[in-house]
Amino acid sequence: MHSSVFLVPLLLVQALWLLAPGLLVGLLLAGRDRVPAFLVVPVAGLVGCVSGYVVLWAFFGAHWLGNVAVVVFAVAALASAAWIAARQHLRAALLRLDVAAPLALMLLLTLAYTAITFSCTVGAGAGSVNAFCHLNGFTGDNILPQIFADNIHHGDPRTITWDWQGSDRPPLQSGVQLLQAPLTESRSWRIMSYEVLTVLLQAMWLPALWGLLRALKVSTRAFALVAAVCTCTGLFFFNSVFTWPKLLPAALVVLTCGVWFFDRRGPWSWVIGGLAAGAAMVAHGGVVFTLVPIGIALLLPKHRPSWTSLVVAVAAALLMFAPWQAYQRLYDPPGDRLLKMHLAGIPFPDERPLGELLRTRYGDDGVSGTIANKTANFTTVLGVQNVQYHLIGKGRTGIVRDEEFRYLILCFGVFSIAWLALLTRRGRQRVREAADPDRLRLVFGIAGASLLLWILLMYGPATTHLHQGSYATMLLLFAGLGVLFSVLPKWVTRIALAVQAAYWALIWVAAVWKGHNLHWAYLAVSLVSSAAFAGALYWLHRRGDAPVPADPAGDPAVTPEPAAAR
């Protein structure tokens, strides 16, 4: 493992490589009023993901073609950064609060999370990614994208990993790894660069949360509070450093919501939303449980777009999704093991079609068995435990971490008291003042419908552990609960935040480090970067509220398009 001196430069290089072209695109679109400024950073992340996806298919076509694509996108990143630096209006746009704040916070969070991860190894050094304490002893799911990228890079994409086909897992994160192949495929840099890059990808949940809360017309003061609590929960911390990926597609789905429901600005909104939805599906298929309610909401008169807009959105989504479907069906079939596992309860490879398995399994269960399975799914969401494991460590703290990781009702931390804001008339009035009530109801509605769909479609029994569902739903729920939490009395939120931070530091950091090998230079970086992140949030909270940009043409979330346009 390289010295901690390299961590900050490596992060900056990889962030520029991934985000610079998208930042240029986002800033140009924002300058032409095609996207709001608060979605520039999520759009930049989307462009980086699409670039990685292109590189993946280039390597699949031929190794030399992949190398050419890597060079082209690297040059594009440098040229984009130079263009932004050379143009005064682009520099000014980059420094706007709605762009600079989420970008800086994402980088600081990535630095803090990776430094915490690199601070502790189970042995004397790190011979693999999962030698770090926070990644050790769970599953290998976080390195499956790395292995698939290696196989594509070496020209052997059909290679079986353990008993998984390469086509069984979505490829987007593998593509982004190949985008930076000179680092991620380098023998000396692959461990460090892979973890830094993939944590950066998962940390896109933070700009997505910024964009969502700004779209809900929430103040920057409230955002700082919500982000501080989210950062100190096991769900966001563990799933940011254990890079499956799950939070990356969640961020992409939230971007889709932003441009489709809250800030429609013509055809570009439907192109961006469609690309983001398709990218989310090739990042992690679990987000389908959130995308289906989003699609249903679009059919409601209140939100229904024109048929032209729908066609554009579907075409953009298929541009991302169709190539991978063709790969699964034609090149490395069947590629549907996860579908059979979750929807038909078949954990091992099975050559029978999914439809046949569903008929067989549900036919054998009958009505009573099916009801029992779905009831167990529902009670699992409520925290009724059917298993007890330890997560990244033994003892009681390992059980506590696993319960927070696994059960919906236990994952929200101090946001669990947010519902108290709705008990009084004054509290409900404060909620209406803190966020756009129609938009907030839509967020909760999509999340609630997603949870219901998840409970009903998962085969069961008790297969509704959080990691088996959509983290896009969780991001929507955390955002909504965060709004409620932010209107509680200040003394309550301050005490609650202090408790949450202390809990995270003790249970998710110190208890995991205990008894292992600490690397003190990285530990120092983790302390400094965590303090810098906390200081940035404190500055946002203290500076007062920034005005939320007005909608360019009314409120598209509540104003349907004219009938003649449909």
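Everything numeric here is computed off the predicted structure, so don't read it as measured data. Going along each chain's sequence as written, the residues are numbered from 1 onward. The predicted nature of this model means local features are confined to residues of pLDDT at least 70 and side-chain atom pairs, given and counted, to a pLDDT of 80 or more, with totals for whole chains, interfaces and linings taken over all residues. The side-chain figures draw on all heavy atoms in the structure; neither hydrogens nor water molecules are used.

Looking at this structure, I do not really get the overall build of the protein chain. What am I missing?
If you tally the helices and strands in the protein chain, you get 24 helices and two strands. Radius of gyration means the value over C-alpha atoms here, while the globule rule gives 2.2 Å times the residue count to the 0.38 power. Its C-alpha radius of gyration of 23 Å places the protein chain within 12% of the 24 Å reference for a compact globule of 566 residues. Its C-alpha atoms put the protein chain at 60 × 55 × 55 Å along the principal axes. Type-normalised accessible area, obtained with a 1.4 Å probe on protein chains alone, sets the label of each residue: buried when under 20%, exposed when over 50%, and partly exposed for intermediate values. Considering the protein chain as a whole, with its 566 residues, one finds that 58% of them fall into the buried category. By definition in these notes, contact holds between two residues if any of their heavy atoms fall within 4.5 Å. Considering only intrachain contacts with a sequence separation of at least 6, the fraction spanning at least 24 residues in the protein chain is 79%. Charge counting treats Lys and Arg as positive and Asp and Glu as negative, with His and both chain ends excluded. All charge positions are set by atom: Lys at NZ, Arg at CZ, Asp at CG, Glu at CD. Across the protein chain, 41 positive and 27 negative side-chain charges occur, with their mean positions spaced 10 Å apart. Working definition: helices are DSSP H or I runs of at least four residues, strands are E runs of at least two. Numbering for both runs from the N terminus.

Sorry if this is basic, but what is going on with the packing of aromatic side chains here?
Given two aromatic rings, their pairing is described by the distance between the two centres and the angle made by the two planes. For Phe, Tyr and Trp, rings pair up if their centres lie within 6.5 Å, where Trp contributes its six-membered ring, and each pair is then called stacked (planes under 30 degrees apart), edge-to-face (over 60) or tilted (otherwise). Under the definition given, this model contains 35 aromatic pairs. Relative to Trp244, the ring of Phe138 has its centre 5.7 Å away and its plane inclined at 80°; by these criteria the two rings are edge-to-face. With Phe138 in the loop between strand E1 (120-121) and helix H6 (144-154) and Trp244 in the loop between helix H12 (234-241) and helix H13 (247-262), this residue pair connects regions lying 106 residues apart in the sequence. Using a relative accessible area of 25% as the deciding quantity, one classes Phe138 as partly exposed.

Help me understand the pattern of salt bridges in this model?
Where charged atoms from two side chains of opposite charge come close, those side chains can pair. Here a salt bridge means any side-chain nitrogen of Lys or Arg lying within 4 Å of a carboxyl oxygen belonging to Asp or Glu. As enumerated under the stated definition, the model contains 12 salt bridges in all. Between Asp402 and Arg406 there is a salt bridge, and its shortest N-O distance comes to 3.0 Å. One end of the pair, Asp402, and the other, Arg406, are both in helix H19 (residues 395-406), four residues apart, so they sit about a helical turn from each other. You'll find Asp402 and Arg406 in the same group, each marked buried.

Explain the environment of Leu537 to me, please; I cannot follow it from the model alone.
Mapping Leu537 onto the fold places it in helix H24 (residues 520-542). Looking at Leu537, the relative accessible area reads 7%, which means it is buried. Put simply, Leu537 and Arg91 are 446 residues apart on the chain and 23 Å apart in space, counted from C-alpha to C-alpha. Every residue in contact with Leu537, bar those within four places of it in the chain, is listed here: Leu105, Phe223, Ala224, Ala227 and Ala228.

Looking at this structure, how should I read the side chain of His153?
Relative to the helices and strands, His153 is located in helix H6. Looking at His153, the relative accessible area reads 16%, which means it is buried. Beyond its immediate stretch of four places on either side in the chain, His153 contacts Phe59, His63, Leu178, Ala181 and Glu185.

What is the right way to read helix H3 (residues 63-86) from this model?
Since one α-helical turn is 3.6 residues long, residues separated by three or four positions face the same way. Residue count minus one, scaled by 1.5 Å, sets the expected span of a helix. The end-to-end C-alpha separation of H3 is 35 Å, in line with the 34 Å expected for 24 residues at 1.5 Å each. Along H3, the positions that sit buried rather than exposed are Gly66, Ala69, Val70, Phe73, Ala77, Ser80 and Ile84. Here the buried face of H3 lies against helix H1 (7-31), helix H2 (40-61), helix H4 (88-94), helix H7 (172-179) and helix H8 (181-184).

Explain the layout of surface pockets to me, please; I cannot follow it from the model alone.
One simple way to see leftover space: roll a probe sized like a water molecule over the atoms. As defined here, a cavity is a set of points on a 1 Å grid over the protein atoms alone where a 1.4 Å probe fits but cannot get out. A pocket is an open set with protein on both sides within 12 Å along at least five of seven lines, and residues line them when an atom is within 4 Å of a point. Grid points are joined across faces, edges and corners, and a volume is the space filled by probe spheres set on the points. Space inside the largest pocket adds up to approximately 1,200 Å³. Taken together, 50 residues line the largest pocket, and the ones lying closest to its centre are Asp168, Arg169, His284, Leu338 and His342. If you list the elements that add at least two residues to the lining of the largest pocket, you get H6, helix H15 (288-298), helix H16 (307-331), helix H17 (337-344) and helix H21 (437-457). Top element by residues in the lining of the largest pocket is H17. It accounts for six residues. Residues are sorted three ways: Asp, Glu, Lys and Arg are charged, Ala, Val, Leu, Ile, Met, Phe, Trp, Tyr, Cys and Pro are nonpolar, and all the rest, Gly among them, are polar. When its residues are assigned to classes, the lining of the largest pocket shows 23 nonpolar, 18 polar and nine charged. In this structure, the second largest pocket encloses a volume near 990 Å³.

Just checking my understanding: could you explain the confidence of the model for the protein chain for this structure?
Predicted coordinates in regions of low pLDDT should not be interpreted in detail. A residue's pLDDT is simply how confident the predictor is in it, with values from 0 to 100. Counting all residues, the mean pLDDT for the protein chain is 94, and 96% of those residues have values of 70 or more. For the stretch residues 553-566, pLDDT sits under 50, and the model shows 34 contacts to residues farther than four places along the chain or on other chains.

Can you walk me through the nonpolar core in this structure?
Looking at soluble globular proteins, one finds that nonpolar side chains tend to be buried together. Nonpolar cores were defined as sets of buried Ala, Val, Leu, Ile, Met, Phe, Trp, Tyr and Cys residues, with membership established by side-chain atoms within 4.5 Å. Counting 187 residues, the largest nonpolar core has Leu172, Leu216, Phe223 and Phe261 as the members making the most contacts within it. With near-sequence residues (within four places) excluded, Phe223 lies in contact with Leu105, Leu206, Leu209, Trp210, Leu213, Val218, Leu537 and Leu540.

Could you clarify how one ought to interpret the state of the cysteines in this entry?
By definition, a disulfide is the covalent link that joins the sulfur atoms of two cysteine residues. The disulfide criterion is simple: two cysteine sulfur atoms within 2.5 Å. Counted according to the given criterion, the structure contains one disulfide. Note on Cys257: no disulfide assigned, nearest cysteine sulfur contributed by Cys230 at a separation of 16 Å.

Explanation requested: the environment of Phe236 in the structure shown.
Considering the arrangement of structural elements, one finds Phe236 in helix H12. Linking Phe236 and Trp324, residues 88 residues apart in sequence, is a C-alpha distance of 28 Å. If we skip the residues at most four places from it in the chain, Phe236 touches Tyr113, Trp205, Cys230, Leu247, Leu475 and Phe478.

Explanation requested: the packing of helix H5 (residues 97-118) against H12 in the structure shown.
Packed helix pairs are specified by the crossing angle of their axes together with the interaxial distance, meaning the distance between the axes. Lines fitted to the C-alpha atoms define the axes, with helices restricted to the stretch that makes contact. Angles between their N-to-C directions range from 0 to 180 degrees. Relative orientation of the contacting elements H5 and H12 amounts to 70°, with a least axis distance of 10 Å. If you check the angle between H5 and H12, you find them roughly perpendicular. Listed contacts from H12 to Tyr113, Ile116 and Thr117 of H5 are Phe236, Phe237, Ser240 and Val241. Across the contact of H5 with H12, the residue classes tally to five nonpolar, two polar and no charged. Angles are sorted into four bins: roughly parallel if under 35 degrees, roughly antiparallel if over 145, roughly perpendicular if 65 to 115, and oblique for all others.

Is there a simple way to explain the packing of H1 against H2 in this structure?
Two elements in contact, H1 and H2, have axes separated by 7 Å at closest approach and are oriented at 130°. Between H1 and H2, the crossing angle belongs to the class labelled oblique. You can see that H1 and H2 cross each other, and the crossing is right-handed. Along the contact surface, H1 presents Leu18, Leu19, Pro21, Gly22, Leu23, Val25, Gly26, Leu27 and Ala30, while H2 presents Val40, Val43, Ala44, Gly45, Val47 and Gly48. Left-handed is the label given to a crossing in which the near helix is rotated counterclockwise from the far helix by less than a right angle, and right-handed is the label when the rotation is clockwise.

It is not clear to me how the environment of Ile417 should be interpreted in this structure. Could you clarify?
Locating Ile417 in the fold gives a position in the loop between H19 and helix H20 (425-434). In the structure, Ile417 is positioned 279 residues away from Phe138 in sequence and 30 Å away in space, judged by C-alpha atoms. Setting aside chain neighbours within four positions, we find Ile417 in contact with Phe485, Leu488 and Val492.

I tried to follow a nonpolar patch on the surface on my own but got confused; where do I start?
A surface patch of nonpolar side chains, amounting to about 440 Å² of accessible area, comprises Phe378, Leu382, Val384, Ile409 and Leu410. The topology assignment puts Leu410 in the loop between H19 and H20. Leu410 sits in the partly exposed class, given a relative accessible area of 38%. Residues forming no salt bridge and having over 30% relative accessible area are the ones grouped into patches, like charges within 9 Å of each other and nonpolar side chains (Val, Leu, Ile, Met, Phe, Trp, Tyr) within 5 Å. In these tables, accessible area is a Shrake-Rupley quantity obtained with a 1.4 Å probe, and a residue counts as shielded only by the protein chains included in the view.

Please explain unusual backbone geometry as it appears in this structure.
The phi torsion of most residues other than glycine is negative, and most of the peptide bonds are trans. Here Pro333 and Pro334 are connected by a cis peptide whose omega angle stands at 0°. Within the secondary structure, Pro334 sits in the loop between H16 and H17. Phi is positive for Asp33, close to 60°, though the residue is something other than glycine. One can find Asp33 in the loop between H1 and H2. With phi around 65°, Lys217 is a residue other than glycine that occupies positive phi space.

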